[in-house]
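An overview of the molecular structure
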Amino acid sequence: MTSDTVISARDLSLTFQTNDGPVHALKDVNLEVQKGDFVSFIGPSGCGKTTFLRVMADLEHPTDGQITVNGISPEDARKARAYGYVFQAAGLYPWRTIGGNIRLPLEIMGYAKADQDTRVQRVLELVDLAGFEKKFPWQLSGGMQQRASIARALAFDADLLLMDEPFGALDEIVRDHLNEQLLELWKRTSKTICFVTHSIPEAVYLSTKIVVMSPRPGRITDVIESPLPRDRPLDIRDTPEFLEVAHRVREGLRAGHGDAV
Amino acid sequence: MMRNLVPILTVVATLFVLWYSAAIALNAPWARDQAARAGQELGFSALVAETWSQDKPKLPAPHQVAAEIWKTTGAMVLAGRGFSKRSLFYHSWITFSATALGFVLGTALGVSLAIGIVYNRTMDMSVMPWVIASQTIPILAIAPMIIVVLNAVGISGLLPKAMISMYLSFFPVVVGMVKGLRSPGAMQVDQMRTWNASPAQTFWRLRLPSSMPYLFTSLKIGMAASLVGAIVGELPTGAVAGLGARLLAGSYYGQTIQIWSALIMAATLAAALVGIIGLVQRITLKRMGMS
């Protein structure tokens, strides 16, 4: 573990006790995420990818093993407001404007009023929503709402962005567009991003590192370091390198699925 | 506008027809009795005229009630005595003041109990059964005791009546606000957690705004219950003023017209109060983008 390690998980396990007996959401998971990485977690439902992200965010507590975020426990990291979390749904408050929604975490964290204003302007430009500050969420499309929720997670000084299928509910065209924008944003802000998805093209297109997971028990079956360059136009998805990585991800998913049956 | 008006007028017209017919049926025996004693024979039209104009009918006709209401409201205002002790405005005001105070107290009690139930596990497990039990006690049975007990400790006048109003109106507020404060989804609560928001911040910025639609629905029911409470509070206490006192006096002296005019005044008051809350609701929720 180096000083550049953002996430470090050692033999991490999480078991939920349910009425139908214990469910092993995570079993002996080991992973290191370095500063500046774009890591995708991919796998079928029930493989623990969202649970893993929630453990990093201190929204779930592991039953065994260790995990550190920025070298400290997830709880301390959460209290230090070390990460921004983007949920599957935009979750904007209908009674607040877009600007008001982005301002919400800043108000909670006690940023000065003038600082709030400049930050709101900056992140709105970052997600290409400049001029929409005074609009209400219902006046925006689904894709724009999700961009606003990303802006909200970027507004405060967290170097880590945790994203749980943020584009899962959007259609293919909007999704492509947002993926492109997200890569652009990642390059400009040099944040570390952990991104949960169940789309192979999305994972391969976005990531520097792809973590393939499989269910029952939830575990990591393959970690793929992407050979693709950091500059990625959308048509990189037709190159042989891209297809090769995609193929390896698919193989990993199939292998994980095979021994679970 | 016309499309709404026609059905409404049809219903109102039907109600009037039913009311006038019922007045004939219910008041006819007395009218025939009187005619028989005087040795007269009543034709149908004479009978109808008689049943619609008795002094103490079993069921007064609408125009009799309307005349009584006008006599005790508009006519008194024109005579410059709009607030005399014989005016329905005066009695409505007495009842309204108890209703309003009880409503405010009940809402405060209801909201505080709901906050306790949502934030405190012990209260969550223990308070609700008592709240429900409190509403199964007939208010008519407990109202005199509240008045007597409060009188014994030297509290009389407006407050005892308001306490009865509060007793009835806090219940819908508790139920609605518990549901409202719990209405934010797991995701929204998690989101607050990721920002390390304090419980107070989560309450003011998430739970309270989310509960507004529930609050207003509860307030409407609470307001109606509060008015019932104030009227019931005036019944057993020998109160000399208020719509409840008018009802009681009317029933002592067989003044059915007076009873009905007090009833209609109470209904109008309730409709106005609930209407005001509805208006505030519309404006608030529209401003909050939640309508």
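What counts as what
Residues numbered from 1 in each chain as written. Chains lettered and ligands numbered in written order. Predicted model: local features only at pLDDT ≥ 70, side-chain atom pairs only at ≥ 80, totals over all residues. UniProt positions renumbered as here; feature names shortened; annotations may be inferred. Helix = DSSP H or I, 4+ residues; strand = E, 2+ residues; numbered from the N terminus. Rg over C-alpha atoms; globule rule 2.2 N^0.38 Å. Buried ≥ 20, exposed ≤ 12 C-beta atoms within 10 Å, placed from the backbone. Contact = placed C-beta atoms within 7 Å. Pairing = 2+ DSSP bridges. Axes fitted to C-alpha atoms, helices over the stretch in contact; angles between N-to-C directions. Domains from an automatic or database assignment. Nonpolar A, V, L, I, M, F, W, Y, C, P; charged D, E, K, R; others polar. Parallel < 35°, antiparallel > 145°, perpendicular 65-115°, else oblique. Left-handed = near helix turned anticlockwise from the far one by under 90°. Core = buried A, V, L, I, M, F, W, Y, C linked by C-beta atoms within 7 Å. pLDDT = per-residue confidence, 0-100. Arc of directions from axis to C-beta.

Under an unreviewed UniProt entry, the name given to chain B is Bicarbonate transport system permease protein CmpB, and the source organism is Roseovarius gaetbuli. Within the UniProt record for chain B, the comment given under Sequence similarities (unreviewed entry) is "Belongs to the binding-protein-dependent transport system permease family."

If you look chain A up in an unreviewed UniProt entry, it shows as Taurine import ATP-binding protein TauB from Roseovarius gaetbuli. The UniProt entry for chain A carries the following text under Sequence similarities (unreviewed entry): "Belongs to the ABC transporter superfamily."

What follows covers the overall build of chain A. When helices and strands are tallied, chain A shows eight helices and nine strands. The globule rule puts the C-alpha radius of gyration for 261 residues at 18 Å, and the 18 Å found for chain A is close to it. Looking at chain A residue by residue over its 261 residues, the buried ones come to 44%. Taking as baseline every contact in chain A between residues at least 6 positions apart, the subset at least 24 positions apart corresponds to 70%.

A separate point is the overall build of chain B. Broken down by element type, chain B carries 13 helices and zero strands. Starting at the N terminus and walking to the C terminus, you meet the elements of chain B as α-α-α-α-α-α-α-α-α-α-α-α-α. Relative to its length of 291 residues, chain B is extended, with a C-alpha radius of gyration of 25 Å against a globular reference of 19 Å. Considered along the principal axes of its C-alpha atoms, chain B spans approximately 90 × 55 × 40 Å. When each of the 291 residues of chain B is scored for burial, the buried share is 33%. Pairs at least 24 apart in sequence give 74% of the contacts found in chain B among residues at least 6 apart.

All right, on to the sheet that holds strand β2 (residues 21-34) of chain A then. Residues and elements named next belong to chain A. The strand order across the open sheet formed by three strands is β2-β1-β4, and the pairing between neighbours is antiparallel. One side of each edge strand has no neighbouring strand; the edge strands of this open sheet are β2 and β4 (64-69). Going from strand to strand, the sheet's axes swing by 20 degrees on average, the running direction of each strand aside. Pairing analysis gives five bridges linking strand β1 (residues 5-18) to β4, with the strands arranged antiparallel. Note on β4: the bridge partner recorded for Arg10 is Gln66.

Residue and element names in this part refer to chain A. Counting buried residues in strand β7 (residues 192-197) gives six out of six residues, a clear majority hidden from the surface. The alternating pattern of β7 places Thr192, Cys194 and Val196 and Ile193, Phe195 and Thr197 on opposite faces, both of which are buried. One ladder, built from five bridges, connects strand β3 (residues 38-42) with β7; its direction is parallel. The partner of Phe41 across the bridge, within β7, is Val196. As defined by bridge partners, strand β6 (residues 160-164) adjoins β7 across five bridges and the pair is classed as parallel.

Moving on to the domain arrangement of chain A. Residues and elements named next belong to chain A. The domain architecture assigned to chain A consists of domain 1 (1-28 + 37-46 + 56-70 + 160-197 + 206-217 + 226-261) and domain 2 (89-158). If you look at the interface, domain 1 gives ten residues, while domain 2 gives ten residues. Looking at the side of domain 1 that touches domain 2, the elements with two or more residues in it are β6 and α6 (172-189). The dominant element in the side of domain 1 that touches domain 2, judged by the number of residues it contributes, is α6, at four residues. Class assignment of the residues belonging to the side of domain 1 that touches domain 2 gives a composition of nine nonpolar, one polar and no charged.

A word on the sheet that holds β7(A). Residues and elements named next belong to chain A. Strands sit in the order β5-β6-β7-β3-β8-β9 across an open sheet of six strands; the sheet is mixed. Both edges of this open sheet fall to β5 (83-86) and β9 (219-225), since each of them pairs with a single strand only. In this sheet, neighbouring strand axes are inclined to one another by 15 degrees on average, regardless of whether the strands run parallel or antiparallel. Contacting β3, β6, β7 and β8 (209-214), helix α1 (residues 49-56) crosses the sheet at an angle of about 150 degrees to β7.

Let us look at the pairing of β3(A). Residues and elements named next belong to chain A. Most of β3 sits out of view: five of its five residues are buried. Examined bridge by bridge, β3 and β8 share four bridges and lie parallel to one another. Bridging from a neighbouring strand, Phe41 pairs with Val211 of β8.

Now for the interface of chain A and chain B. Counting from both sides, the interface comprises 17 residues of chain A and, opposite them, 15 residues of chain B. The element contributing the most residues to the side of chain A that touches chain B is helix α3 (residues 98-109) of chain A, with four residues. Residues of the side of chain A that touches chain B, tallied by class, amount to 13 nonpolar, one polar and three charged.

Taken from the UniProt record, the annotation "transmembrane region" (unreviewed entry) applies to residues 93-118, 130-152, 158-178, 214-237 and 257-280 of chain B. As annotated, residues 130-152 of chain B comprises 91% helix and 0% strand, and the C-alpha atoms at either end are separated by 26 Å.

What follows deals with the packing of helix α8 (residues 158-181) of chain B against helix α11 (residues 212-234) of chain B. Residue and element names in this part refer to chain B. At their nearest, the axes of α8 and α11 sit 7 Å apart, and the two run at 160 degrees to each other. As the angle between them shows, α8 and α11 are arranged roughly antiparallel. Judged by the twist between their axes, the crossing of α8 over α11 is right-handed. A per-class count over the contact of α8 with α11 returns 16 nonpolar, ten polar and three charged.

A few words now on the nonpolar core. A:Phe41, A:Met56, A:Tyr83, A:Ala151, A:Leu162 and A:Cys194 are the most contacted members of the largest nonpolar core, which totals 73 residues. The element that contributes the greatest number of residues to this core is helix α5 (residues 142-154) of chain A, accounting for six residues. Counting the residues that make up this core, at least three belong to each of domain 1 (1-28 + 37-46 + 56-70 + 160-197 + 206-217 + 226-261) and domain 2 (89-158) of chain A. Excluding residues within four positions of it along the chain, A:Met56 makes contact with A:Ile7, A:Ile67, A:Val69, A:Pro74, A:Leu162 and A:Cys194. Judged by nonpolar contacts, the second largest core, of 46 residues, contains B:Ile117, B:Val175, B:Ile231 and B:Val232.

Turning to the confidence of the model for chain B, a few remarks are in order. Residue and element names in this part refer to chain B. Per-residue confidence for chain B gives a mean pLDDT of 88, with 98% of residues at or over 70. For chain B, the element scoring lowest by mean pLDDT is helix α4 (residues 74-78), at 79; helix α5 (residues 88-119) scores highest, at 93. Quick note on the complex model: pTM equals 0.81, ipTM equals 0.86.

Assigned domains within chain B: domain 1 (2-58) and domain 2 (88-287). Between the C-alpha centres of domain 1 of chain B and domain 2 of chain B the distance comes to 38 Å.

Moving on to helix α3 (residues 62-72) of chain B. Owing to its 3.6 residues per turn, the α-helix brings residues three or four apart onto one side. Within the sequence span of α3(B), burial applies to B:Gln64, B:Val65, B:Glu68 and B:Thr72. Down the axis of α3(B), the buried side of the element spans an arc of 100 degrees, and every buried residue falls inside it.

Attention now moves to the UniProt feature "domain: ABC transporter" (unreviewed entry) in chain A. Under the feature "domain: ABC transporter" (unreviewed entry), the UniProt entry names residues 7-236 of chain A. What you have in residues 7-236 of chain A is 34% helix and 28% strand, and the ends, taken at the C-alpha atoms, are 29 Å apart.

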